[in-house]
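# Topology and contacts: notes
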Amino acid sequence: MPRHRGGKLRSSLDGRHDAGGRTDTFVAPGEHELRARLDGYEDAVETFTARKGQEMRVTLTLRALPEPLPPPLKLRRESPRKPHLRARGPGEPPLRWSGIGSLRNFISPH
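Residues numbered from 1 in each chain as written. Predicted model: local features only at pLDDT ≥ 70, side-chain atom pairs only at ≥ 80, totals over all residues. Heavy atoms only, no water.

### Comments concerning the overall build of the protein
A count of helices and strands for the protein gives 0 helices and 8 strands. Along the protein, helices and strands appear, N-terminal first, in the series β-β-β-β-β-β-β-β. Residues classed as buried in the protein amount to 13% of the 110 residues present. Sequence separation of at least 24 residues holds for 22% of the intrachain contacts in the protein that already meet a minimum separation of 6. Summing over all exposed atoms, the protein offers an accessible surface of approximately 10000 Å²; the carbon and sulfur share of this is 54%. (Helix = DSSP H or I, 4+ residues; strand = E, 2+ residues; numbered from the N terminus. Buried < 20%, exposed > 50% of the residue type's maximum accessible area, 1.4 Å probe, protein only. Contact = heavy atoms within 4.5 Å. Areas by Shrake-Rupley, 256 points an atom, 1.4 Å probe, with all protein chains shown as cover.)

This is the structure:
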């Protein structure tokens with residue numbers, strides 16, 4: 001059986017596993033299914049109808065599976081802190097937002 005990219009090509013004809021990776025074979029007239037499997041690729045399946053005395057070629061194309069996504073990032077969770085805010089009195093300027101993040105990004109104009 002052929003080997004590709006370190007994997008073993010598995011094929012089946014009409015559900016009988018290990019069609020032997022043959023490039024030619026005889027089949028009875030009628031409907032047939034040829035399947036090929038290779039790790040890292042989508043299964044390739046082709047259905048065909050054989051007729052008595054007819055020679056035919058069936059081509060299977062294995063398409064590479066997408067690369068797996070990297071594992072998710074492990075984010076460090078900061079311990080919750082209570083913001084230190086004091087009440088604003090009349091006439092005092094309001095807090096300003098300085099960016100994205102927690103309350104510690106609020107900046108007092110003082």
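So, next bit.
### Section: the pairing of strand β5 (residues 30–37)
When strand β3 (residues 10–13) meets β5, the two strands line up antiparallel, connected through 4 bridges. Within β5, the residue paired with S12 across the bridge is R35. Bridging between β5 and strand β6 (residues 44–50) involves 7 bridges; their strand directions are antiparallel. If you follow L34 over to β6, its bridge partner there is E46. Hairpin connection between β5 and β6: a loop of 6 residues separates the two successive antiparallel strands, and G40 in this loop has a positive phi of roughly 90°. (Pairing = 2+ DSSP bridges.)

### Section: the sheet that holds β5
The antiparallel open sheet is built from 4 strands, whose spatial order is β4-β3-β5-β6. One side of each edge strand has no neighbouring strand; the edge strands of this open sheet are β4 (16–17) and β6.

### Re the pattern of salt bridges
Counting across every chain of the model gives 4 salt bridges. R10 is paired through a salt bridge with D39; the nearest N and O atoms lie 3.6 Å apart. Of the two residues, R10 is situated in strand β3 and D39 in the loop between β5 and β6; the sequence distance between them amounts to 29 residues. Judged by its relative accessible area of 55%, D39 is exposed. Among the salt bridges present, the one from R37 reaches D43, with a minimum N-O distance of 2.7 Å. With relative accessibility at 35%, the residue R37 sits in the partly exposed group. (Salt bridge = Lys/Arg side-chain N within 4 Å of Asp/Glu carboxyl O.)

### So, unusual backbone geometry
One non-glycine residue, D14, lies in the positive phi region at around 55°. Looking at where D14 falls in the secondary structure, it is placed in the loop between β3 and β4. D14 gets classed as partly exposed once you look at its relative accessible area, which sits at 32%.

### Points about the environment of L60
Secondary-structure assignment places L60 in the loop between β6 and β7 (96–97). When the C-alpha positions of L60 and A44 are compared, they lie 5.8 Å apart, and in sequence the two are 16 residues distant. In contact with L60, other than residues within four places in its own chain, are L34, R35, A36, A44, V45 and E46.

### A short note on the environment of E55
Structurally, E55 can be placed in the loop between β6 and β7. Along the sequence, E55 and D24 sit 31 residues apart, while their C-alpha atoms lie 9.9 Å from each other.

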